[in-house]
Amino acid sequence: MITFYPGPSKVYPEVGQYLQEAFESGVISANHRSAAFMEMLAETISNLKLKLDVPADYEVYFVSSATECWEIIAQSLISVPSLHIYNGAFGEKWMEYTQKITSGASSFYFDHNALPELPFASKLSGSELICLTHNETSNGTALPASFLESLRSESDNLIAVDATSSMAGVELPWESADIWYASVQKCFGLPAGMGVLILSPRAVERAIELGERKHYNSLLFIRENFLKNQTPFTPNILGIYLLNRIMQQVKPIEEVAEQTALRSREWYQFLTKYRYPLVVTNEAARSETVIAVAGTREKTAQIKEAAKKAGIVLGNGYGTQKDTSFRIANFPAISSQEIAMLQQFLVSFAGK
Ligand SMILES: O=C(O)C(=O)[C@H](O)COP(=O)(O)O
Ligand SMILES: N[C@@H](CCC(=O)O)C(=O)O
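Basis of the calculations
Residues numbered from 1 in each chain as written. Chains lettered and ligands numbered in written order. Predicted model: local features only at pLDDT ≥ 70, side-chain atom pairs only at ≥ 80, totals over all residues. Heavy atoms only, no water. Salt bridge = Lys/Arg side-chain N within 4 Å of Asp/Glu carboxyl O. Helix = DSSP H or I, 4+ residues; strand = E, 2+ residues; numbered from the N terminus. Buried < 20%, exposed > 50% of the residue type's maximum accessible area, 1.4 Å probe, protein only. Pairing = 2+ DSSP bridges. Axes fitted to C-alpha atoms, helices over the stretch in contact; angles between N-to-C directions. Contact = heavy atoms within 4.5 Å. 1 Å grid on protein atoms, 1.4 Å probe; cavity = no way out; pocket = protein on both sides within 12 Å on 5 of 7 lines; lining within 4 Å. Points joined across faces, edges and corners; volume = space filled by probe spheres on them. Nonpolar A, V, L, I, M, F, W, Y, C, P; charged D, E, K, R; others polar. Parallel < 35°, antiparallel > 145°, perpendicular 65-115°, else oblique. Left-handed = near helix turned anticlockwise from the far one by under 90°. Core = buried A, V, L, I, M, F, W, Y, C linked by side-chain atoms within 4.5 Å. Near = heavy atom within 4 Å. Polar contact = N/O pair within 3.5 Å; in protein donor to acceptor, adjacent residues only side chain to side chain. Areas by Shrake-Rupley, 256 points an atom, 1.4 Å probe, with all protein chains shown as cover. Sits in = over half its atoms within 2 Å of the grid points.

Asks: Describe the pattern of salt bridges, with residues and values.
Replies: Inspection of the entire model under this criterion finds six salt bridges. A salt bridge links Arg-213 to Glu-224, with the shortest nitrogen-to-oxygen separation between them at 2.8 Å. One end of the pair, Arg-213, is in the loop between α6 (201-210) and α7 (219-227); the other, Glu-224, is in helix α7, with eleven residues separating them in the sequence. Under the relative-accessibility criterion, Arg-213 is labelled exposed at 52%.

So, in structure tokens, the structure goes:
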């Protein structure tokens, strides 16, 4: 089967070889306070920062998932009600989890075919954390870099961005936000089981100011460990090993992003040509890494079933469009040959 599911998704083919190497190297049997592990952790962070072009003064931590980042942020970085700007299921869930933990999260909902308006920024006091979803996996939308850049210039607030399904696939305007996080099972092309959390110096300062230390995953506790090249709890050592190998292998993000952009343009043109209705009709709001195709319940079920018979897994819809859309991951680990196979299938399905 070839898979276009937007997470877990296709892993880079080299992962097979790296798994064997990890076993043979002995590092996955090593204690996580050993020199061997600490060196590997430091090297992984350094390779990730290099390949993804993360600013030198931003700090990188590995946690268990993007979902855990919702909790870490709510516990350790929010003191006054946060503002959540979203248009889909993952942004909404982030707001709901935060609400449960902090008892104060406000929402600014915008239509998935629109981009959020900026005037909300002038109504903020300055201490609220602004929470944005860069790439909304559920409905195939993304925020353009220009939106993040404008928000940054309009507001002094700390900004947190969920880049779960875009980090390592597109270029991110790092300096336009303070907290970024993602999961490795999307654009990193890795097996699931790890989250990447990246903080600006201002976010670190905020964590220090708030001084929250009540949880095993309190940000300050995580940070203190990472500063020693360690982790607060036994980490996913295999996941870190694989991430390091993939970061060594991939091209710089600028080149990866070029390919993502080109492939996404081709996908949208192809789908339009063969009359597959897109969930996102506004081109400016479309994601480059997750493409959502609309359809009736019946048609959507039929196409997923026919694809399966042809050896292809399409992503189910998610959230309000669970049964009336399917999703196609446009992640870097997917090969051009696989894309051609799916397109061939879609051409023949369209003709039926
Ligand atoms: O796809 C998204 O967007 C998500 O939020 C993921 O489902 C979250 O993945 P985890 O890393 O939390 O498992
Ligand atoms: N992120 C994946 C999985 C989410 C889930 O099922 O919890 C998706 O968008 O489908």
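Asks: Provide a residue-level description of unusual backbone geometry, including the pertinent values.
Replies: Cis geometry marks the peptide bond from Gly-7 to Pro-8; its omega dihedral reads -15°. Mapped onto the fold, Pro-8 is located in the loop between β1 (2-3) and α1 (15-25). Notably, Ser-103 is not glycine yet its phi reads approximately 55°, a positive angle. Of note, Ser-103 is situated in the loop between α4 (89-102) and β4 (105-109). At Asn-229, a residue that is not glycine, the phi angle is positive and equals roughly 60°. Under the relative-accessibility criterion, Asn-229 is labelled partly exposed at 27%.

Asks: Provide a residue-level description of the sheet that holds strand β10 (residues 195-199), including the pertinent values.
Replies: Spatial ordering of the open sheet is given by β2-β10-β9-β8-β5-β3-β4, a layout of seven strands whose pairing is mixed. Each end of this open sheet is capped by a strand with a single partner; those strands are β2 (59-63) and β4. Direction aside, neighbouring strands of the sheet carry axes that sit 20° apart on average. By the bridge criterion, three bridges tie strand β8 (residues 159-162) to strand β9 (residues 179-183) in an arrangement that is parallel. Its bridge partner being in β9, Asp-162 is matched across the sheet by Tyr-181. Contacting β2 and β10, helix α2 (residues 35-52) crosses the sheet at an angle of about 120° to β2. Packing against the sheet, helix α3 (residues 66-76) makes contact with β2, β8, β9 and β10, and its axis sits at approximately 150° to β9.

Asks: Any details on the layout of surface pockets? Residues and values, ideally.
Replies: Here the largest pocket defines a volume of roughly 330 Å³. Lining the largest pocket are 25 residues, and of these Thr-67, Phe-90, Thr-164, Gln-185 and Lys-186 sit closest to its centre. Each residue belonging to the lining of the largest pocket can be placed in one class, and the counts come to ten nonpolar, eleven polar and four charged. In this structure, the second largest pocket spans a volume of roughly 280 Å³. For the lining of the second largest pocket, the per-class residue count stands at ten nonpolar, five polar and three charged.

Asks: Just give me the short version of the packing of α3 against α4, but keep the residues and values in it.
Replies: Direction vectors running N to C along α3 and α4 enclose 40°, while the axes themselves pass 9 Å from each other. Between α3 and α4, the angle falls in the class oblique. In the packing of α3 onto α4, the handedness of the crossing is right-handed. Contacts from Trp-70, Glu-71, Ile-73, Ala-74 and Gln-75 in α3 reach Phe-90, Lys-93, Trp-94, Tyr-97, Thr-98, Ile-101 and Thr-102 in α4. The residue inventory of the contact of α3 with α4, partitioned by class, reads seven nonpolar, three polar and two charged.

Asks: Could you give me a rundown of the nonpolar core, with the residues and numbers involved?
Replies: The biggest cluster of nonpolar side chains holds 108 residues, and the ones touching the most others in it are Leu-48, Phe-62, Met-167, Trp-180, Phe-188, Ile-328 and Leu-346. If you tally residues by element for this core, the top one is helix α8 (residues 237-249), at seven residues. Dropping the residues within four chain positions of it, Ile-328 is found in contact with Phe-4, Trp-267, Leu-271, Thr-289, Val-290, Ile-291, Val-293, Leu-314, Leu-342 and Leu-346.

Asks: Talk me through the sheet that holds strand β13 (residues 315-316); I want residue IDs and the actual numbers.
Replies: In a beta sheet, neighbouring strands are held together by backbone hydrogen bonds and run either parallel or antiparallel to one another. The three strands are arranged β11-β14-β13 in an open sheet whose pairing can be described as antiparallel. Since the sheet does not close on itself, it has two edges, and those belong to β11 (290-294) and β13, each with one partner. The sheet contact formed by β13 and strand β14 (residues 325-329) spans two bridges and is antiparallel. Looking at β14, one finds that Asn-316 is bridged to Phe-326. Along the sheet, helix α9 (residues 253-273) contacts β11 and β14; its crossing angle with β11, the most-contacted strand, is approximately 10°. Docked against the sheet, helix α10 (residues 297-309) engages β13 and β14, running at close to 40° with respect to β14.

Asks: Residue-level account of the site of ligand 1, with values.
Replies: Taken together, Ser-65, Ala-66, Thr-67, Phe-90, Thr-137, Thr-164, Ser-183, Gln-185 and Lys-186 make up all the residues around ligand 1. Within the side chain of Thr-67, an N or O atom sits 2.5 Å from an oxygen atom of ligand 1. Side-chain polar atom of Gln-185 to an oxygen atom of ligand 1: 3.4 Å apart, as the coordinates give it. Computed on the free molecule, ligand 1 has an accessible area of 350 Å², of which 81% lies beneath the protein chains in the complex. According to the grid-proximity analysis, the pocket containing ligand 1 is the largest pocket. Within the shell around ligand 1, the residues separate by chemical class into two nonpolar, six polar and one charged.

So yeah, pure geometry; function would need other evidence.
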